[in-house]
Every structure is written in structure tokens, then in C-alpha cells.
Amino acid sequence: KIKEKIAEVNSFTADNLEAVETFRIKYLGKKGILNDFFAEFKNVPNEQKKEFGQTINELKQAATEKVESLKEVLESVTTNEQVYGDLTRPGNPIELGARHPISIVKNKIIDVFSRIGFNVSEGPEIEDDWHNFTALNLPEYHPARDMQDTFFVQTDPDILLRTHTSSVQVRYMENNQPPIRTISPGRVYRNEAISARSHCFFHQVEGLYIDKDVSFADLKQTLQYFTTELFGKSKIRLRPSYFPFTEPSAEVDVYWGLETETDYKMTKGTGWLEIMGCGMVDPNVLKNCGIDPDIYSGFAFGMGIDRIALLLHQISDIRLLSENDLRFLEQFKSTL
Ligand code: PHE
């Protein structure tokens, strides 16, 4: 009878701790099977006592071991709850960074021009004299070089920090034949006093369009398209100006509404705000870059991204754009 119980004990399994506890009480509890057998011990004839006792002990050992091994297995199982906690809890929000306002505006400008077939070209920030000046019709000692206070690299007067991304256009023309439609965004450097309105480095997007029969009318319409896409319905005007690399040249003003106090301050009380320079590419420049001016003509324009960013986002000081103050940068979180 005890042997039957031993077999029963050995084949017992459980998948939870309550079942193990029930099993323990059934065999090893005060009123359990084991104690029943012990109680019978005194009724067993003397010559069988030894064997009987050994068998009971075997049962006791089997039951004890069973309980312990089952407990060990079941207690080592970890549940999802233990690993992950309460899965019905709301999740933590993911912290996303923000794009820099310069990048936001640059990407917008690229987007507007890419819709009318312009690609994006880039070049080095450390330039040589040829690409930044000479090829652009600014030979040595040309007075217009003074317009762009240049940082030179001390050891070599031929090497400088580019003062405009027109240098990228030179490189592009040297390596591509028309039709050319490209915009060149990038950082540029000028040795200027730092103030709320200007910095010694800033960002430009310059554009270049070269093909047969390109006229000033194409330039003006392209600019009107651009300002409308970027600022909304807008009025522009072109004022005659001078750049060595374009002829004729013009300065582009956009009419800025005076709806708020900030707008008023930004425009210093007048509605017309200068946003870029432009003109028809000088034939000398085309020649310098290996393009035949008897066959091709084209226009170019260039604008500062920083000032446009100040306008579009009503930022009062250009220095905020390069100070990396998180309180400032975080404000652009929802803007792509
Ligand atoms: N390169 C000029 C500047 O940096 C801008 C410009 C580009 C003007 C192309 C005319 C044509 O000021």
C-alpha cells in the first residue's frame, strides 16, 4: 500500500505553486498520509517493523524531494509581469530632437527650387582665390574684393574661407556643361563685426541657371515663384545694383507686411526688405569656367539663409542661431 503511494508521489506533477502546496499537505501535513502510516506503526508485528519503517521513510523522502524540486522549478519561472511590469500602463513619450532653424529654412528653399528642376551642389568651405574671386571676374586688386571682408589662411594668401557659395557655382560650371540648374547651400565667412543683425559666419543659398536663350525675364519670374512659395503671396521689386560676376545686376526686395510689432522692428519701419542679390552671369565668368558665352547665357542669385530664418520665425537676434541654447532650439521641435 505504501509502495503504491510512493509510485503516486513519483509520478506527480504540478504547474503552479498552489497545487504543490495541496500535495504537500496531503502527504506531509499534520493529518497527512504519512502521519497516518506512522500511526499504524505500533500495530505492525515486530518482525515487519523494520521493513515497514524503511518503506515509510522512503515515502517521506520521495514526497519531500518532490515538493522541493517542483517548488524550485515553479519559482524560477519569470512571468511577463515580473520582467516588464504592468503591460497596460501607458508608454513613456519618446524624446525627439528638433531641427535647427537654419536647416528648416534651407530644406524649404531646396524643396522650392527642386520642384522646378534645380539640383543641389556643394563645395569646400576652405577655398582658393580662383574659385572665390578670380574666376568670378574679381581679379587681384579689384576694388570689389573689399565688399567681402575675407578671412585668409595665414600661411598662404591663395587660401581663404569662402565669402560666398558662388565658388561652388564656379566649380559646378567647370565640371558640367549646360543646361545647368543648380542651387548651392552652405556656410560662408566674412570678417564682420558681430551684432544682432550680422555674424562673421552665416549661410547662403546661391542659384545658377544656364542654357540657351535665358533672359532677365526668366530670372524675375523664377524669383517671383520662389518668394511666393516661401513667404506666401508676395510682392517683389528689383533694384539696380552691382556685382562683378553679373551684368546687369539687381538687389531683390520683398514686401513684408507690418502686421505685428515684431515685423515692424525687423523691417525697421519700412515694408521693403532686401533678401538677395541677382543678375545675368557675366560672359567673362562663363568663359573663365569653360562655357561658351556666344551660345549660352544664364542668371545667378544668392541669399542669406540666416536672415530669412529670422524673418520667418520672428527671431530677434542672429546670434541665437549659433549659440546652441537648448531653450531656443527646443522651440523648433514641432517644425519639420
Ligand atoms: N555672391 C553674392 C554675395 O555673396 C550674391 C550674388 C550671387 C549676387 C549671385 C548676384 C548673383 O553677396
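Not measured: the values here are computed from a predicted model.

**Remarks on the UniProt feature "binding site: Mg(2+)" (unreviewed entry) in the protein**
In the numbering used here, UniProt assigns the feature "binding site: Mg(2+)" (unreviewed entry) to Glu247. With respect to the helices, strands and loops of the structure, Glu247 is situated in strand β8 (residues 246–255). Non-local contacts of Glu247, meaning those with residues more than four positions away in its chain, are made with Met280 and Asp282.

**Some thoughts on the pairing of strand β7 (residues 236–243)**
Looking at chain direction, β7 and β8 are connected through 7 bridges and run antiparallel. Bridge pairing in β8 links Arg239 to Glu251. Taking the residues that link successive antiparallel strands as the turn, the β7-β8 hairpin has 2 residues.

**Observations regarding the nonpolar core**
If you look at the biggest cluster of nonpolar residues, it comprises 40 residues, and the most contacted ones within it are Ile109, Phe113, Leu223, Phe226, Met276, Phe301 and Met303. Considering each element in turn, this core owes the most residues, 7 residues, to helix α6 (residues 101–114). In this view, Phe113 contacts Phe118, Ile183, Thr222, Phe226, Phe301 and Met303; residues no more than four positions away in its chain are not counted. Ile180, Phe245, Cys289 and Tyr296 belong to the second largest nonpolar core, which has 21 residues in total.

**Quick word on empty space enclosed by the protein**
If you walk through the whole model with that rule in mind, you get 2 cavities of 30 Å³ or more. Estimates place the volume of the largest cavity at around 60 Å³. What lines the largest cavity is simply Leu136, Ser166, Gln169, Met173, Leu208, Phe245, Thr246, Val281, Val285 and Ala300. Looking at the second largest cavity, its volume works out to about 50 Å³. Contributing to the lining of the second largest cavity are Phe133, Leu138, Ala144, Arg145, Met147, Gln148, Phe243, Pro244 and Phe245. For the lining of the second largest cavity, the per-class residue count stands at 7 nonpolar, 1 polar and 1 charged.

Procedures and definitions
Sequence order as written defines the numbering, with residues in each chain counted from 1. pLDDT decides what is reported in this predicted model: residues at 70 or higher carry local features, side-chain atom pairs at 80 or more are listed and counted, and totals for whole chains, interfaces and linings draw on all residues regardless. Note: side-chain values were computed over all heavy atoms of the structure, leaving out hydrogens and water. UniProt positions are given in the numbering used here, feature names are shortened, and annotations may be inferred rather than shown by experiment. Under the scheme used here, helices are H or I runs from DSSP no shorter than 4 residues and strands are E runs no shorter than 2 residues, and both carry numbers assigned from the N terminus. Throughout, a residue-residue contact means that at least one pair of heavy atoms, one from each residue, lies within 4.5 Å. Strands pair, by our definition, only if DSSP identifies at least two bridges between them. Put simply, buried Ala, Val, Leu, Ile, Met, Phe, Trp, Tyr and Cys residues joined by side-chain atoms within 4.5 Å make one nonpolar core. Relative accessible area decides the class of each residue, using a 1.4 Å probe on protein chains only: under 20% of the type maximum gives buried, over 50% gives exposed, and in between gives partly exposed. Points on a 1 Å grid, built from protein atoms alone, make a cavity when a 1.4 Å probe fits but cannot get out and make a pocket when they are open with protein on both sides within 12 Å along at least 5 of 7 lines; residues with an atom within 4 Å of a point are the lining residues. Grid points are joined across faces, edges and corners, and a volume is the space filled by probe spheres set on the points. Note on residue categories: nonpolar means Ala, Val, Leu, Ile, Met, Phe, Trp, Tyr, Cys or Pro, charged means Asp, Glu, Lys or Arg, and polar means any other residue, Gly included.

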